[in-house]
Each structure stands twice: as structure tokens, then as C-alpha cells.
Amino acid sequence: MGGFRGADLHCHSLFSDGVERPADLVKRALDAGLSALALSDHDAVHGLPELEAAAKGTGLVTVAGAELSARCDGDDVHVLGLFIDPGEPELVAKLAAMREARDHRAEAMVVKLAAIGLPLDLSKIREVVGDGAFGRPHVARAMVAAGYAKDFGDAFDRFLTRGKPGYVPKPKWTLPEAISAVRRAGGLAVVAHPVWYTDPEKVVAQGCEAGLDGLETLHVDHNSAKEGEFTRLAARFRLLVSAGSDFHAPGEGRPGVGARRLPEEPWNLLVAAAAKRREEAGRPPLGLSPA
Ligand code: AMP
Ligand code: ZN
Ligand code: FE
Ligand code: FE
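Colleague: Tell me what's going on with the overall build of the protein chain, and back it up with residues and numbers.
Modeller: Within the protein chain, the regular secondary structure consists of ten helices and eight strands. Whereas a compact globule of 291 residues would reach a radius of gyration of roughly 19 Å, the protein chain reaches 18 Å, a difference of no more than 12%. By principal-axis analysis of the C-alpha atoms, the protein chain measures approximately 55 × 40 × 40 Å. Here the protein chain, with 291 residues, has 53% of them falling under the buried criterion. By sequence separation, contacts in the protein chain at least 24 residues apart represent 72% of the contacts at least 6 residues apart. Each charge class in the protein chain can be summarised by its mean position, and for the 35 positive and 40 negative side chains these summaries are 2 Å apart.

See the structure below:
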């Protein structure tokens, strides 16, 4: 059996803006020696059955997740739903509507880029996206392939971040709506990568008023000083802590699956809280396979 070797509770597959199948992510997690892996696609839960099937019999514990985008004052705050019941009907319906809205937004982005002399073939990008959630990374990759940007980061920096000519905001939940949707689905609501926000403490404070459960203190975009800062912030607000690699694709400037891992003690706290939430929300029990 061996001891607990860490949980990576944040990564993306081609069901949103990652490039690999859930089964490939399971292989990466096993290669990295992880004990647990969450798939947290943006606005999508339909990759989760493949994740679970691929992990069966390997000893890897899988966690059902999704990443929701919420507005909080001027910021786009990402809320991870972890240990959710992916069959909860309200969540499933709302995520489908969000994916539909993401497709419209992508169309608007392509129109804006064409207007500055950078035409893209939307139908070809839609083929890549399939029934997944259309995101800016899909547009960034198409721009690199067309020779409009020198790499993925360059496409974002010059065209796709807020204030740049290809940017179109996407439809978002409010922060309380996102947190409530996760809780209703029997999951834990965790604010992702707090380093991204103008005022992380304000986000956490507003989140806590709406029932926030945790903070992703360990994330690939946090240096050790930020890790310390956010660990103290979580403690002050009595939040659970989480960890994630936010893996999307190899070669896009971030390390791989398992680059951040949650130790056993905070993992056990998450599992206990999630088991309780399932019961409160009237969703099926967790049924995690033993590590
Ligand atoms: P979207 O949900 O379509 O707005 O896309 C957001 C995703 O794009 C994030 O989850 C990141 O994976 C990626 N992203 C956002 N900003 C950047 C950036 N400056 N450089 C690289 N990737 C980014
Ligand atoms: Zn993403
Ligand atoms: Fe995110
Ligand atoms: Fe993410």
C-alpha cells in the first residue's frame, strides 16, 4: 500500500481547454506517484466518467471536480467545486448553458480578431473543442498555428487578455451563485489561484459570507512567499486548503500533473468535510476507493 503521496486537485482535459484525455491525465498522475487526482474542467463534468474508468484498479483515487468562473467586483474569480456529484441536475443544466454561451463568446472573439486582420477558421476550432467548453486557450493555440503569435503566452499577452483586441468577457456566475451551486451538488467550494485577484482577502471574505469551504493555497502560479501568505489567510478564515497543478497541456509554460500536491493531513480534512457535505446536500455518499 505505502503511504499517502499527495493529491493534485486541479487539472484540465480536452472536455474543456486542456489537450489530453482524462485517461492520459490518470497516466500522468500515476507516473508522478500521486495518490489522488481531481479533474476540474471549466464548466464541464462530462469527462469525469472516463477519469473514473481509467483509474479503476490502479489505486489512484479520483475526485470529481469542475471549475466555475465567477465575477467578484472587477475580478474573474475561479471557484473549484471538488467532490461534487456530477449528476446533480441543476449543476449539469447550468454548465451546459455556460458552454453554449462560451461558444457564442468564441465567435465574437473570432470576429474581433478578423477585424484586425487576423482571420481564423472558427469551424476548425469548433471541431477541436467538440462538445467541450470553448476557452481562450483554444483560440490561442489556433493563433500560434496560424503564425499570428510566437507561442501560447504571446497570443494571450498581445491579443487575448483583458484590454487586448481579441478579448471578449465570458458569461459568469456571481460568487454566491457559484458557491451555492457547488454546495447543492454535494461538493466543496474552493477559491482557485488567489494570486490572480486584485484583492485576495476581499474575495475570501465575500466567499466566506456565501459559504466558501476552502482556498487553493498551493498552486503553480504561487511562489513560496505567496504560499505562506495564502496559508495564513486560509487559517484566519478557517478555510480548508487545496493544491493543484492546473495542468492543461505540455509545453505551455507550466509544470505538469503533480507539480503541486496536497499532503495527507489537509487531504483527510477535505475528505471528511466532503462526506459531511454530501449528506447535508442529500447527494449520494462519496464512495472514494481507498488510497
Ligand atoms: P477562459 O475561461 O476562456 O477565459 O480562459 C481562461 C483560461 O485561459 C485560464 O484558465 C488559463 O488556463 C488561460 N489563461 C488565462 N490567462 C492566461 C495568460 N495570460 N497566459 C496563458 N494562459 C492564460
Ligand atoms: Zn483552463
Ligand atoms: Fe482557473
Ligand atoms: Fe484551471
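Moving on from the model shown.
Colleague: Go over unusual backbone geometry, please, and point to the residues and values.
Modeller: The phi angle at Asp 73 is positive, at roughly 50°, despite the residue not being glycine. Structurally, Asp 73 is set in the loop between strand 3 (61–72) and strand 4 (75–82). One non-glycine residue, Arg 238, lies in positive phi territory at about 55°. In this structure, Arg 238 sits in the loop between helix 9 (224–236) and strand 8 (240–244).

Colleague: Now, about the nonpolar core: what can you tell me, with residues and values included?
Modeller: Soluble globular proteins: nonpolar side chains tend toward being buried together. Formed by 43 residues in total, the largest nonpolar core has its most connected members in Leu 37, Val 79, Ile 84, Trp 173 and Leu 215. Every residue in contact with Ile 84, bar those within four places of it in the chain, is listed here: Val 45, Ala 64, Gly 65, Ala 66, Leu 91, Val 182, Ala 185, Gly 187 and Arg 278.

Colleague: Tell me about the site of ligand 1, residues and numbers included.
Modeller: Lining the immediate environment of ligand 1, one finds 14 residues, of which Arg 102, Arg 105, Arg 136, Lys 170 and His 248 sit closest. At 3.1 Å, a side-chain N or O of Arg 102 approaches an oxygen atom of ligand 1. One nitrogen or oxygen atom from the side chain of His 248 is found 3.1 Å from an oxygen atom belonging to ligand 1. When ligand 1 sits alone it has 500 Å² of accessible area, and the protein chains cover 82% of it. The set of elements that each furnish at least two residues to the shell around ligand 1 consists of helix 3 (89–115), helix 5 (136–145) and helix 6 (152–160).

Colleague: Tell me about the packing of helix 3 against helix 5, and name the residues and values.
Modeller: Relative orientation and spacing of two packed helices are given, respectively, by the angle between their axes and the distance between those axes. Close contact between helix 3 and helix 5 brings their axes to 10 Å; oriented N to C, the two are set at 35°. As helix 3 runs across helix 5, the sense of the crossing is right-handed. In this structure, helix 3 uses Arg 105, Met 109 and Leu 113 to contact helix 5, whose residues at the interface are Arg 136, Val 139 and Met 143. Here the contact of helix 3 with helix 5 is composed, by residue class, of four nonpolar, no polar and two charged.

Colleague: Break down the pattern of salt bridges for me, with residues and values.
Modeller: Any two side chains of opposite charge can pair, on the condition that their charged atoms come close. Overall, the coordinates contain 21 salt bridges when judged by the stated rule. A salt bridge links Arg 28 to Glu 20, with the shortest nitrogen-to-oxygen separation between them at 2.7 Å. Relative accessible area serves as the criterion here: at 29%, Arg 28 is assigned to the partly exposed category. Using a relative accessible area of 14% as the deciding quantity, one classes Glu 20 as buried. Linking Arg 283 and Asp 85 is a salt bridge whose minimum nitrogen-to-oxygen distance equals 2.8 Å. A residue pair is termed long-range when its members are at least 10 positions apart, and Arg 283 in the segment after helix 10 (264–281) and Asp 85 in the loop between strand 4 and helix 3 qualify at 198 residues. Residue Arg 283 is classed as partly exposed on the basis of its relative accessible area of 24%. A residue is classified by how much of its surface remains accessible, and Asp 85, at 10% relative accessible area, is buried. Connected via shared salt-bridge partners are Arg 183, Asp 213, Lys 276, Arg 277 and Glu 280.

Colleague: So what's going on with the side chain of Asp 213? Residues and values would help.
Modeller: When you line up the elements, Asp 213 lands in the loop between helix 8 (200–209) and strand 7 (214–219). Among residues more than four places away in sequence, those in contact with Asp 213 are Arg 183, Gly 187, Leu 188, Ala 189, Leu 239, Leu 240 and Arg 277.

Reading the values: rules and limits
- Residues numbered from 1 in each chain as written.
- Chains lettered and ligands numbered in written order.
- Predicted model: local features only at pLDDT ≥ 70, side-chain atom pairs only at ≥ 80, totals over all residues.
- Heavy atoms only, no water.
- Helix = DSSP H or I, 4+ residues; strand = E, 2+ residues; numbered from the N terminus.
- Rg over C-alpha atoms; globule rule 2.2 N^0.38 Å.
- Buried < 20%, exposed > 50% of the residue type's maximum accessible area, 1.4 Å probe, protein only.
- Contact = heavy atoms within 4.5 Å.
- Lys, Arg positive; Asp, Glu negative; His and termini not counted.
- Charge placed at Lys NZ, Arg CZ, Asp CG, Glu CD.
- Core = buried A, V, L, I, M, F, W, Y, C linked by side-chain atoms within 4.5 Å.
- Near = heavy atom within 4 Å.
- Polar contact = N/O pair within 3.5 Å; in protein donor to acceptor, adjacent residues only side chain to side chain.
- Areas by Shrake-Rupley, 256 points an atom, 1.4 Å probe, with all protein chains shown as cover.
- Axes fitted to C-alpha atoms, helices over the stretch in contact; angles between N-to-C directions.
- Left-handed = near helix turned anticlockwise from the far one by under 90°.
- Nonpolar A, V, L, I, M, F, W, Y, C, P; charged D, E, K, R; others polar.
- Salt bridge = Lys/Arg side-chain N within 4 Å of Asp/Glu carboxyl O.

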